[in-house]
Amino acid sequence: MEETIFDKIIAGDTQADIVFQNDHVVAFRDINPQAPVHVLVVPRTRMKSIAESTSHSPEVMGHIIHGIAETARTLELEENGYRVVFNTGRDAMQTVPYIHAHILAGRKLGWPPG
Ligand code: AMP
């Protein structure tokens, strides 16, 4: 699998605005925010997408969900709420082939998404 921008951020080789991290995930602000709060949560365990998660222990996905909740708490998003999105594959317009969860918050988010 080719190295992605998220590999470089996790390695500390590329600058990012990190808002939360622990042994399992790194969370940083999206460079092109789609909401007042737009953060990406990336596991330190490398995989391409949710589709590839079946090749790993389910614990990895558990750590991602836990990291999302911890990030949202750190950013005080719990009261007003937030949306979590895993773009997976072409039709979902996944552009970076390293699994990541988008946390979107800070405004009323439309549903269904366009
Ligand atoms: P996706 O379309 O789900 O693959 O989302 C990839 C996201 O990564 C996009 O929202 C980009 O704006 C974001 N992104 C790309 N490069 C960087 C970067 N260097 N730092 C932060 N976010 C980035």
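Residues numbered from 1 in each chain as written. Predicted model: local features only at pLDDT ≥ 70, side-chain atom pairs only at ≥ 80, totals over all residues. Heavy atoms only, no water.

(A) Representation of the environment of T14. Mapped onto the elements, T14 comes out in the loop between α1 (5-11) and β1 (18-21). Its relative accessible area of 24% is what places T14 among the partly exposed residues. Taking C-alpha positions, T14 is 25 Å from H66, a pair spaced 52 residues apart along the chain. Discounting residues that sit within four places of it in the chain, T14 has contacts with I5, K8 and I9. (Helix = DSSP H or I, 4+ residues; strand = E, 2+ residues; numbered from the N terminus. Buried < 20%, exposed > 50% of the residue type's maximum accessible area, 1.4 Å probe, protein only. Contact = heavy atoms within 4.5 Å.)

(B) Molecular detail of helix α2 (residues 58-74). When the terminal C-alpha atoms of α2 are compared, their 24 Å separation across 17 residues agrees well with the 24 Å that a helix rising 1.5 Å per residue should span. Of all the residues in α2, the buried ones are V60, M61, I64, G67, I68, T71 and A72. Buried residues in α2, looked at end-on, bunch into an arc of 130 degrees, giving them a common side. In α2, those exposed residues whose orientation departs by more than 90 degrees from the buried face are P58, E59 and R73. Contact partners of the buried residues in α2: β1, β2 (25-29), β3 (37-43), β4 (83-85) and β5 (101-105). Positive backbone phi, at 55 degrees, marks E76, one or two positions downstream of α2. (Expected span 1.5 Å × (residues − 1). Arc of directions from axis to C-beta.)

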